[in-house]
Structures are given as structure tokens and as C-alpha cells.
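Summary of structural features
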Amino acid sequence: MSANEITRPPDSFAQTGVVEKLEGGLAVIRLGDNQEVRWPADQLPPSTVVGSEIRLRLSTQDSEQAERDELAKTILNRILQNKA
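Reading guide: rules and limits
Residues numbered from 1 in each chain as written. Predicted model: local features only at pLDDT ≥ 70, side-chain atom pairs only at ≥ 80, totals over all residues. Heavy atoms only, no water. Helix = DSSP H or I, 4+ residues; strand = E, 2+ residues; numbered from the N terminus. Buried < 20%, exposed > 50% of the residue type's maximum accessible area, 1.4 Å probe, protein only. Contact = heavy atoms within 4.5 Å. Areas by Shrake-Rupley, 256 points an atom, 1.4 Å probe, with all protein chains shown as cover. Salt bridge = Lys/Arg side-chain N within 4 Å of Asp/Glu carboxyl O.

This part takes up the overall build of the chain. The number of helices and strands found in the chain is 2 helices and 4 strands. Buried residues in the chain amount to 15% of all 84 residues. Long-range pairs, those at least 24 residues apart, make up 48% of the contacts in the chain with a sequence separation of at least 6. Total accessible area on the chain is roughly 6,500 Å²; 53% of this is exposed by carbon and sulfur atoms.

Given below as C-alpha cells:
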């Protein structure tokens, strides 16, 4: 199992888009369904440039906790399998 398989959450509430432009402190992100999202540029990963692919993901406190719990179980099971 790779690191991505362990830590990558489900994408049921995610959209992928491309940064079309950076202007006035905002990034204009074009989503796959042609919607436009304006996002504060200072809240993007530092390596983001025009043309970067971005993933926007929505979650709730409950869904984040469930993901953390699942990750903890996966890691613990992996550790216990390696000891056997």
C-alpha cells in the first residue's frame, strides 16, 4: 500500500479546476463544469501558478474526524501486519 493509498481521502465532495489567472490578490479557478471560482491567492499552495491544477474539497467536522479515524485504523493495521 502506497502513502497515497493510506492518506488520500475520498473525492466525493471535490472539484478539480485550473488556475486561469492571478489578479488583485485573487486566483480565478475554472472548474471542469466551466464554473469560475475566485479564491484568495494567499491561501493557495506556494507553488501555485497560472495553469496549475487545483483540487477544491469540501468537508465537515464529522467527515474530517471519520477520515482521521479511518487513517489511524489503516496505519495501526499496517503496523500490526508488519510485526507478524
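Moving on, we get to the pattern of salt bridges. Inspection of every chain in the model, using the stated rule, returns 6 salt bridges. Between Glu 20 and Arg 30 there is a salt bridge, with the nearest N and O atoms lying 3.2 Å from each other. Taken as a pair, Glu 20 in strand β1 (residues 14–23) and Arg 30 in strand β2 (residues 26–31) lie far apart in primary sequence, 10 residues in all. Using a relative accessible area of 37% as the deciding quantity, one classes Glu 20 as partly exposed. Glu 70 is the salt-bridge partner of Lys 73, the closest N and O atoms lying 3.9 Å from each other. Of this pair, Lys 73 and Glu 70 both sit in helix α2 (residues 61–83), 3 residues apart, which is roughly one turn of the helix. On the accessibility criterion, Glu 70 (45% relative accessible area) is partly exposed.

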